Amino acid sequence: MSRIVSSERVKFPKVNISRWSVLEGEKMVGIRFLGHAAFEIKGSKRILIDPFLTGNPKAAAKPEDFDKVDLILITHAHGDHLGDAVKIAKRAGAKIVAMYDISTYLVESNKGITTIGMNYGPTEIDGVKIVQVPAWHSSSDGKTNIGNPCGYIIEIDGVKIYHAGDTYVFKDMELFAELYGIDVALLPIGGHFTMGPKEAAKAVELLKPKYVIPMHYNTFPPIAQNPEEFKELVGDKTEVVILNPGETFEI
Ligand code: NI
Ligand code: MN
């Protein structure tokens, strides 16, 4: 059971009544697209991934909108992913989860933040299972390399979400399906810096998620894409959920 909640409808009850009557006590997890590769995941914890909001022409939120966040996950050090992580972490008390080297870099250049450095592997933070997985890309401040790029598989309230970060398609995505099983995959389709629609459709074939949400397209001219083309390439084995910035998908 899942649905899209548009930004205009957030005032209405967020709970799916029919699901509650069937599965007592089980709440839904909300995945809100904030534009580009930025997402907010809301369940028993509030998690942000790659919160690039300032300077993002498609941003559906401002750093000031976040007062309480548990975790901020960073896939790599490029500005369109690291974004407002430090600013939000400071005001909302969030811990930043990142590749070890990025974590060290952030702590050394910013006072008053808490980071958790990983280096590809599984862990559990505040009751959320997180697997940091590889991605094929680079990671730098534009000049100096900082750590390696990654993706994340997050299990929150029984829902498994894969955020691929910036990456090209790779065959090891099959392993993610085999080891964890993916409910929702968030995949870049913009091309130029990442997979395009064709490669992302192949990734869907390897990952076998129930739902896929395209991201990292139409923010800037080099990554202009028609998500409907991606939807057509994926076919009917996985449901393609196209979110406008600000919209929430509930599962
Ligand atoms: Ni990047
Ligand atoms: Mn990027």
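That block above? That's the structure.
Everything in this summary refers to the structure shown in the same document. Residue indices begin from 1 for each chain and proceed along its sequence in written order. Whichever chain is written first is A, and whichever ligand is written first is 1; the rest continue in order. Local features in this predicted model are restricted to residues of pLDDT 70 or higher, and side-chain atom pairs are both shown and tallied only at a pLDDT of 80 or more, whereas totals for entire chains, interfaces and linings draw on every residue.

Strand order in the open sheet made by the 7 strands is β8-β9-β10-β11-β12-β13-β14, with mixed pairing throughout. The open sheet has two free edges, formed respectively by β8 (121-125) and β14 (239-240), since each of these has just one partner strand. A pair of strands is labelled paired if DSSP reports no fewer than 2 bridges between them. Comment: elements are numbered from the N terminus, with helices defined as DSSP H or I runs of at least four residues and strands as E runs of at least two. Here strand β13 (residues 211-215) runs beside β14; their pairing, made up of 2 bridges, is parallel. Looking at the pairing, V212 lines up with V240 of β14. Here the contact rule is simple: place C-beta atoms from the backbone, and any two residues whose C-beta atoms are within 7 Å are in contact. Only the contacting stretch of a helix is used when fitting its axis, a line to C-alpha atoms as for every element, and angles between N-to-C directions run 0 to 180 degrees. Sheet strands touched by helix α6 (residues 197-207): β11 (159-163), β12 (184-188) and β13. Its angle to β12, the strand with the most contacts, is close to 155 degrees.

Turning our attention to the packing of α6 against helix α7 (residues 227-234). With their axes 9 Å apart at the nearest point, α6 and α7 run at an angle of 40 degrees to one another. Relative to α7, the element α6 lies oblique. The hand of the α6/α7 crossing is right-handed. Across from P197, K198, A200, A201 and V204 in α6, the residues of α7 making contact are E229, F230, L233 and V234. Under the scheme applied here, ten amino acids are nonpolar (Ala, Val, Leu, Ile, Met, Phe, Trp, Tyr, Cys and Pro), four are charged (Asp, Glu, Lys and Arg), and all others, including Gly, are polar. In terms of residue class, the contact of α6 with α7 is built from 7 nonpolar, no polar and 2 charged. Angles below 35 degrees are treated as roughly parallel, those above 145 as roughly antiparallel, those between 65 and 115 as roughly perpendicular, and all remaining angles as oblique. Should the near helix be turned anticlockwise from the far one by less than a right angle, the crossing is left-handed, and should it be turned clockwise, the crossing is right-handed.

The next thing to look at is the pairing of β8. Burial runs low along β8: only 0 of the 5 residues are buried. Sheet analysis places β8 next to strand β9 (residues 128-134), joined by 5 bridges and oriented antiparallel. What sits directly across from G121, in β9, is Q132. In this structure, the hairpin formed by β8 and β9 is closed by a connection of 2 residues, where D126 is found at a positive phi of approximately 50 degrees. Partly exposed residues are those whose C-beta has more than 12 but fewer than 20 other C-beta atoms within 10 Å; with 20 or more the residue is buried, with 12 or fewer it is exposed, and the C-beta atoms are placed from the backbone.

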